[in-house]
Amino acid sequence: MRLDVLDRLAQFGRLGLGFLQSLGRSGVFLFLAIFSRSGFTGRGTLLLRQLYNVGLLSLVIVTVSGLFIGMVLGLQGYSILVHYGSEGAVGQLVALSLVRELGPVVTALLFAGRAGSALSAEIGLMKATEQLSSMEMIGVDPLKRVIAPRFWAGVISMPLLAAIFNVVGIFGGAFVGIDWLGIYEGSFWSGIQQSVDFVDDIGNGMVKSLVFGIVVSWIAVFQGYDATPTSEGISRATTRTVVYSSLAVLGLDFILTAVMFSGL
Amino acid sequence: MMTPIEHNKQSQTDNLVEIRGMSFYRSTRAIFNNIDITIPRGKVVGILGPSGTGKTTLLRLIGHQLQPDSGTIRVDGQNLAALSRDQLFIQRRKMGMLFQSGALFTDLSVFENVAFPLRIHTRLSEPMIRDIVLLKLQAVGLRGAASLMPSELSGGMSRRVALARAIALDPQMVMYDEPFVGQDPIAMGVLVSLIGKLNKALGITSIIVSHDVHETASVADLLYLLADGEVISTGTPTEMLNSSDPRVRQFMQGQPDGPVPFHYPADNYLDQLLNPEAQ
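The following paragraphs examine the structure supplied in this document. Just so it is clear, the structure is predicted and the values come from calculations on it, not from any experiment.

What counts and how
- Residues numbered from 1 in each chain as written.
- Chains lettered and ligands numbered in written order.
- Predicted model: local features only at pLDDT ≥ 70, side-chain atom pairs only at ≥ 80, totals over all residues.
- Heavy atoms only, no water.
- Helix = DSSP H or I, 4+ residues; strand = E, 2+ residues; numbered from the N terminus.
- Buried < 20%, exposed > 50% of the residue type's maximum accessible area, 1.4 Å probe, protein only.
- Contact = heavy atoms within 4.5 Å.
- Areas by Shrake-Rupley, 256 points an atom, 1.4 Å probe, with all protein chains shown as cover.
- Lys, Arg positive; Asp, Glu negative; His and termini not counted.
- Charge placed at Lys NZ, Arg CZ, Asp CG, Glu CD.
- Pairing = 2+ DSSP bridges.
- Axes fitted to C-alpha atoms, helices over the stretch in contact; angles between N-to-C directions.
- Core = buried A, V, L, I, M, F, W, Y, C linked by side-chain atoms within 4.5 Å.
- Buried area = accessible area lost by both parts, 1.4 Å probe.
- Salt bridge = Lys/Arg side-chain N within 4 Å of Asp/Glu carboxyl O.
- Polar contact = N/O pair within 3.5 Å; in protein donor to acceptor, adjacent residues only side chain to side chain.
- Parallel < 35°, antiparallel > 145°, perpendicular 65-115°, else oblique.
- Left-handed = near helix turned anticlockwise from the far one by under 90°.
- Nonpolar A, V, L, I, M, F, W, Y, C, P; charged D, E, K, R; others polar.
- 1 Å grid on protein atoms, 1.4 Å probe; cavity = no way out; pocket = protein on both sides within 12 Å on 5 of 7 lines; lining within 4 Å.
- Points joined across faces, edges and corners; volume = space filled by probe spheres on them.
- Arc of directions from axis to C-beta.
- Phe/Tyr/Trp six-rings, centres within 6.5 Å; stacked < 30°, edge-to-face > 60°.
- Lys NZ or Arg CZ within 6 Å of the ring centre and 35° of its normal.

Let us now look at the overall build of chain A. A tally of helices and strands in chain A yields 9 helices and 0 strands. When the backbone C-alpha atoms are referred to their principal axes, chain A occupies close to 65 × 60 × 35 Å. Burial status across chain A gives 45% buried among its 264 residues. Contacts in chain A between residues at least 24 apart in sequence constitute 84% of all its contacts with a sequence separation of at least 6. Accessible area of chain A: about 13,200 Å², with a carbon and sulfur share of 69%. Taken as two groups, the 16 positive and 16 negative side-chain charges of chain A have centres that lie 13 Å from each other.

Take a look at the structure:
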């Protein structure tokens, strides 16, 4: 009995040590990738290509999701607020929900599923097919050539995608509220204008999406680089990217919300 | 103090790679156990040995993609373990490596794969890069495949493109990991001759890891035979082919029976077949 408890404790300790070791490795990995001189030309082109792959190609899923979420918010908000004769506040509800929470969080979750998993799979396959090794032997550091542009592309893309998500979502809410349910157009838009603060709401929302961009991109590139170079290893890395990113985004969202909005 | 001429003379006689007392383990299994290997400058050295003896691992250790558990590996007088990450990458520009799988960049065409090291490490003009790439592809017989993507190549062709890429910067040393696998007899002959020509014309030091005893012996100046984590024999191809050591004779002549086992270590065959529960 006592041995069993000790075994469990030892197992728990090993898990903790493994987690810390992995965190340390990923920290050093990120530091080497982004804080050292690249030493080669064409960095701009590489970043642009990754901005296209990571950012632009995520635009469709982000736009369509933003539109539907905005429409659903408009519909749900109207169905409740109409009982109190406050349907004019639907615009405020839609805008604040999107700008403060749903925009950054849902964009980050979609980004992890669409771009994060693709990044992990791509880097993992490059490892499995020895492309990263051959790059090393050519004298090119894959952390700078492969990892850094992908990481920065994710960090830059996320706030822009979240902003697009918010704008499209508000228009989705306006379409349902104004054009379908007949809310007075003036009260919808003026509600948004009066309630949404540029710094407290939009600014904090953008800070959130920037933090999510850093975390999701970091997890995605590290999981790909650290993947076991087999088909099963790449599959696990891709899954881990989506799971870890989603949990990290939701957990960080709670912490950031508590810090940013608790005083408002 | 040495004059530049004396220094050049000395460096010409130096060994390009010196491995001393090197051990390397995977978990508890010793891949190499206190081995010494010397690769003389300007020579073609063949590393032979049965499957699983760590020949590819040896190349990765020389390129410092893996780190030995003990001992030193010096390349061109430098202990790569003592270099910073940036210095290590600069040092690797002197080496070319032909990977077993080719390891071509799948998003780049054949031409761009060969041009990759030139674009990264030189400031050559575009016409100059084009000429060098075509020269290297002509040498491996694939100038006509310049516009193809790696997915359109066979395994043997991929390795030949990878060879063209490995020699694009005219490195001091080229490491070939199984260069003859998957090559048709014509390509095999051309490759053997190309390795010899590169060695003689450019003074490149070559390390060939291979199972193909006769092709390797035909081009190598020196052979090392690895087995059980140790260097079991070394010498010129003639010395090795005429060796009286039964382990060397078995490998060089491809005999199935001898002191080097064909089978991976396992329990008794009959016992395992007759007692399935014992497993």
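This next bit is on the sheet that holds strand β4 (residues 70–75) of chain B. Residue and element names in this part refer to chain B. Spatial strand order, β2-β1-β4-β5: 4 strands in an open sheet with antiparallel pairing. Every interior strand has two partners, whereas the edge strands, β2 (29–40) and β5 (78–79), have only one. Taken together, the 2 bridges between β4 and β5 define a ladder with antiparallel strand orientation. Looking at the pairing, Arg74 lines up with Asn79 of β5. Along the sheet face, helix α2 (residues 55–62) touches β1 (15–26), β2 and β4 and points at about 120° away from the line of β1.

Formed by 56 residues in total, the largest nonpolar core has its most connected members in Phe111, Val146, Ile147, Phe188 and Phe212 of chain A together with Phe116 of chain B. The residues contacting Phe116 of chain B, other than those within four sequence positions of it, are Met135, Ile138, Val140 and Arg145 of chain A together with Phe105 and Leu108 of chain B. Counting 47 residues, the second largest nonpolar core, distinct from the first, contains Leu118, Ala145, Ala146 and Tyr176 of chain B.

Between chain A and chain B, the contact holds 20 residues from the first and 25 residues from the second. The junction of chain A with chain B conceals about 2,000 Å² of combined surface from both sides, 54% of it contributed by carbon and sulfur atoms. Inspection of the region where chain A meets chain B yields 3 salt bridges. Residues Arg60 of chain B and Glu130 of chain A are paired through a salt bridge, measuring 2.5 Å at the closest nitrogen-oxygen approach. Summed over the shared surface of chain A and chain B, the result is 11 residue pairs in polar contact (both at pLDDT 80 or more). Contributions of two or more residues to the side of chain A that touches chain B are made by α5 (131–137) and α6 (142–180) of chain A. The element that contributes the greatest number of residues to the side of chain A that touches chain B is α5 of chain A, accounting for 6 residues.

Moving on to the packing of helix α8 (residues 198–225) of chain A against helix α9 (residues 231–261) of chain A. Residues and elements named next belong to chain A. For the pair α8 and α9, interaxial distance at closest approach is 9 Å and the crossing angle is 155°. When the interaxial angle is binned, α8 and α9 end up roughly antiparallel. Crossing of α8 against α9: the hand is right-handed. Its residues assigned to classes, the contact of α8 with α9 comprises 15 nonpolar, 5 polar and 5 charged.

With that settled, consider the layout of surface pockets. What the largest pocket holds in volume is close to 1,200 Å³. Along the walls of the largest pocket sit 41 residues, with Ser133 and Glu136 of chain A together with Arg60, Gln65 and Leu66 of chain B positioned nearest its centre.

A few words now on the sheet that holds strand β3 (residues 44–48) of chain B. Residues and elements named next belong to chain B. One open sheet holds the 6 strands; their spatial order is β6-β7-β8-β3-β9-β10, and the pairing between them is mixed. With one partner strand each, in any of the chains shown, β6 (95–98) and β10 (230–235) form the two edges of the open sheet. Along the sheet, successive strands turn relative to each other by an average axial angle of 15°, direction set aside. Note that β6 and strand β7 (residues 173–177) share 4 bridges and pair parallel. Bridging from a neighbouring strand, Gly96 pairs with Val174 of β7.

So, on to helix α7 (residues 185–195) of chain A. All names here are of chain A. Among all positions in α7, only Phe188, Gly191 and Ile192 are buried. Viewed along the axis of α7, the buried residues span an arc of 95°, placing them on a single side of the element. Facing away from the buried side of α7, by more than 90 degrees, are the exposed residues Gln193 and Gln194.

Turning our eyes to something else, we now look at empty space enclosed by the protein. What the rule picks out here adds up to 1 cavity of 30 Å³ or more. Roughly 120 Å³ of internal volume is contained in the largest cavity. Together, 15 residues line the largest cavity, and Ile138 of chain A together with Met95, Gly96, Arg165 and Ala166 of chain B are the ones closest to its centre. Within the residue set of the lining of the largest cavity, elements represented by two or more residues are α5 of chain A together with β6 and α6 (155–166) of chain B.

Looking now at the packing of aromatic side chains. In total, this model carries 6 aromatic pairs over all chains according to the counting rule given. Ring centres 5.1 Å apart and planes at 40° place the aromatic pair Phe29 of chain A and Tyr225 of chain A in the tilted group. Taken together, the residues span a long stretch of sequence, with Phe29 of chain A in helix α1 (residues 2–34) and Tyr225 of chain A in helix α8 at a distance of 196 residues. Among the aromatic residues, those joined into a ring-pair cluster are Phe29, Phe222 and Tyr225 of chain A. The lysine or arginine in question, Arg92 of chain B, covers the ring of Phe89 of chain B, its NZ or CZ lying 5.0 Å from the ring centre.

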